[in-house]
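# Tertiary structure, described
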Amino acid sequence: AAGVIQSPRHLIKEKRETATLKCYPIPRHDTVYWYQQGPGQDPQFLISFYEKMQSDKGSIPDRFSAQQFSDYHSELNMSSLELGDSALYFCASRNVLDRHNTLTEAFFGQGTRLTVV
Amino acid sequence: AQKVTQAQTEISVVEKEDVTLDCVYETRDTTYYLFWYKQPPSGELVFLIRRNSFDEQNEISGRYSWNFQKSTSSFNFTITASQVVDSAVYFCALSEGGGATNKLIFGTGTLLAVQP
């Protein structure tokens, strides 16, 4: 079965550079989430999109922006990178409601490991 | 506000021992969903189970079992006859039901080390 695809898997950037992370959700999933997981930390919610519209926003820095495109893939753009941005960035997707009208599980990609040097 | 607490930071057991990972949650919603995810050393987040607030039935899947108790706001996870491959960080997570606010809120995770 198709899974959530994230690219690149690893990325090394210097301070003050920009980075773009890409996410291809599972086909026909209507919701995409971005999470940031620092070393030894739990994943922290950044932002989500439902049917290509931003649906919720978490602790996403102003230096970061994200969007979801017409083909449902999503990109997280990060500018003026700081050392503290080094983390594992996850994208997840789900169909919010299943046929029983209950919330489904979110499936996560393998993550992009960003290292800022 | 919603919150998930995993009080056990690290647990170390010897293979074949049973181990229970605790999860306590807080939410004001009457409709909510609880999840467990496994994060092995390779880093990916693997979905294990979903439970909604209206279904307190316990579940068993092979060596895994889950005990959901609304009265104590707990959703504990037990691994029976643990194996080295169970070594991972386990996250409990909560989503409040409906609307745009269905993001997952994670606990801080429990690192399980199973020694041979």
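Reading the values: the criteria
- Residues numbered from 1 in each chain as written.
- Chains lettered and ligands numbered in written order.
- Predicted model: local features only at pLDDT ≥ 70, side-chain atom pairs only at ≥ 80, totals over all residues.
- Heavy atoms only, no water.
- Salt bridge = Lys/Arg side-chain N within 4 Å of Asp/Glu carboxyl O.
- Helix = DSSP H or I, 4+ residues; strand = E, 2+ residues; numbered from the N terminus.
- Buried < 20%, exposed > 50% of the residue type's maximum accessible area, 1.4 Å probe, protein only.
- Polar contact = N/O pair within 3.5 Å; in protein donor to acceptor, adjacent residues only side chain to side chain.
- Contact = heavy atoms within 4.5 Å.
- Buried area = accessible area lost by both parts, 1.4 Å probe.
- Pairing = 2+ DSSP bridges.
- Disulfide = S-S within 2.5 Å.

## Focus: the pattern of salt bridges
All names here are of chain A. Summed over all chains, the structure comprises eight salt bridges over all chains. Among the ionic pairs, R63 bridges to E82, the shortest N-O distance being 3.4 Å. One end of the pair, R63, is in the loop between β6 (53–57) and β7 (64–68); the other, E82, is in the loop between β8 (74–78) and β9 (87–94), with 19 residues separating them in the sequence. Given a relative accessible area of 41%, E82 falls into the partly exposed group.

## Quick notes on the side chain of D85(A)
Residue and element names in this part refer to chain A. Of note, D85 is situated in the loop between β8 and β9. A polar contact of 2.8 Å, which involves the side chain of D85, links it to the backbone nitrogen of E82. Among all residues touching D85, those that are not within four sequence positions of it are Q36, R63, F64, S80, L114 and V116.

## Concerning the interface of chain B and chain A
Listed per partner, the contact involves 20 residues of chain B and 22 residues of chain A. Of the roughly 1800 Å² buried between chain B and chain A on both sides combined, carbon and sulfur atoms contribute 56%. If you sort the residues of chain B by the area they bury against chain A, L45(B), N102(B) and K103(B) come out on top, with a joint share of 27%. One can count two salt bridges joining chain B with chain A.

## Here we look at the pairing of strand β10 (residues 88–96) of chain B
All names here are of chain B. The element β10 is extensively covered by neighbouring structure, given that eight of its nine residues are classed as buried. Taken together, the three bridges between β10 and strand β12 (residues 110–115) define a ladder with antiparallel strand orientation. Paired with V89 across the bridge in β12 is L111. In this structure, β10 lies alongside strand β11 (residues 105–106), joined through two bridges in antiparallel fashion. What sits directly across from A93, in β11, is F106.

## Remarks on the state of the cysteines
Scanning all chains against the criterion turns up two disulfides over all chains. For C23(A), the disulfide goes to C91(A), at an S-S distance of 1.8 Å. Here the S-S torsion is close to -55°, and the disulfide linking C23(A) with C91(A) is therefore left-handed. Of this pair, C23(A) sits in strand β3 (residues 19–24) while C91(A) sits in strand β9, and the two are 68 residues apart along the sequence. Residue pairing for C23(B): its cysteine sulfur links by disulfide to C92(B), the two sulfurs lying 2.0 Å apart. Note on the C23(B) and C92(B) pair: the S-S dihedral is about -65°, so by sign convention the disulfide is left-handed.

Read these as spatial facts, not as claims about activity.
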